[in-house]
Amino acid sequence: MLEEGDIINLPKKLLKAIKAGNVRKFYKSSIWQAIRKQVLIRDNHECQKCKEKGKFSKADCVHHIKHLREFPLLALVLSNLISLCNSCHNEEHPEKLKKYRAGQEEYITEERW
Ligand SMILES: [Zn+2]
Ligand SMILES: [Zn+2]
């Protein structure tokens, strides 16, 4: 079991991929899949934002509190990761939603995978 605060080193090739904007490569990596699972177990597969408001929602994704593209070194740090439902997740990414509404980009939640 991983402990809160553990820093798992991001393999160089994944760091490079994120910096190059290829976040998909990161989300498909087995190391991310393993960390993601840990976070979901830690959070009981429950959306942590809904929980704060006293609501229960099943978590749909694991979100980077400090966004992946801006803070790639925190990509695998458990304290930077939180389980969220889709609607709370959308609120955390107004930038994506705006683009989506403007029809510029298909809205996909990479963090779901
Ligand atoms: Zn929620
Ligand atoms: Zn997110």
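An unreviewed UniProt entry lists the chain under the name Putative HNH nuclease YajD, with Orenia marismortui given as the organism. Its UniProt record, at the heading Sequence similarities (unreviewed entry), says of the chain: "Belongs to the HNH nuclease family."

A. Up close: the coordination of the zinc ion (ligand 1). Within the protein, the atoms that donate to the zinc ion (ligand 1) are C47 (SG), C50 (SG), C85 (SG) and C88 (SG), at distances of 2.2 to 2.3 Å. Around the zinc ion (ligand 1), the four donor atoms are arranged such that angles at the metal cover 105 to 115 degrees; this shape is classified as tetrahedral. Each donor residue of the zinc ion (ligand 1) belongs to the same chain, with the gaps between them written as C-x2-C-x34-C-x2-C. With C47 in the loop between α3 (30-42) and α4 (48-52) and C88 in helix α5 (residues 86-92), this pair connects stretches of sequence that are 41 residues apart. Accessibility expressed as a relative area gives 0% for C47, which makes it buried.

B. Seen up close, the pattern of salt bridges. Under the counting rule described, the total for this entry stands at three salt bridges. With its nearest N and O atoms 2.8 Å apart, the salt bridge here joins K49 to E92. Of this pair, K49 sits in helix α4 while E92 sits in helix α5, placing them 43 residues apart in sequence. What emerges from the salt-bridge pattern is a single network uniting K49, E91 and E92.

C. Spatial organisation of helix α1 (residues 12-19). Among the residues of α1, L14, L15, A17 and I18 are the ones counted as buried. One face of α1 carries all of its buried residues, which in axial projection span an arc of 160 degrees. In α1, the exposed positions that point more than 90 degrees away from the buried face belong to K12, K13, K16 and K19. The first or second residue beyond α1 is G21, which carries a positive phi of 90 degrees.

What counts, and where the lines are drawn
- Residues numbered from 1 in each chain as written.
- Chains lettered and ligands numbered in written order.
- Predicted model: local features only at pLDDT ≥ 70, side-chain atom pairs only at ≥ 80, totals over all residues.
- Heavy atoms only, no water.
- UniProt positions renumbered as here; feature names shortened; annotations may be inferred.
- Donors = N, O, S within 2.8 Å, 3.2 Å for Na, K, Ca; no water.
- Tetrahedral: all angles 85-135°; square planar, octahedral: opposite > 155°, others 65-115°.
- Helix = DSSP H or I, 4+ residues; strand = E, 2+ residues; numbered from the N terminus.
- Buried < 20%, exposed > 50% of the residue type's maximum accessible area, 1.4 Å probe, protein only.
- Salt bridge = Lys/Arg side-chain N within 4 Å of Asp/Glu carboxyl O.
- Arc of directions from axis to C-beta.

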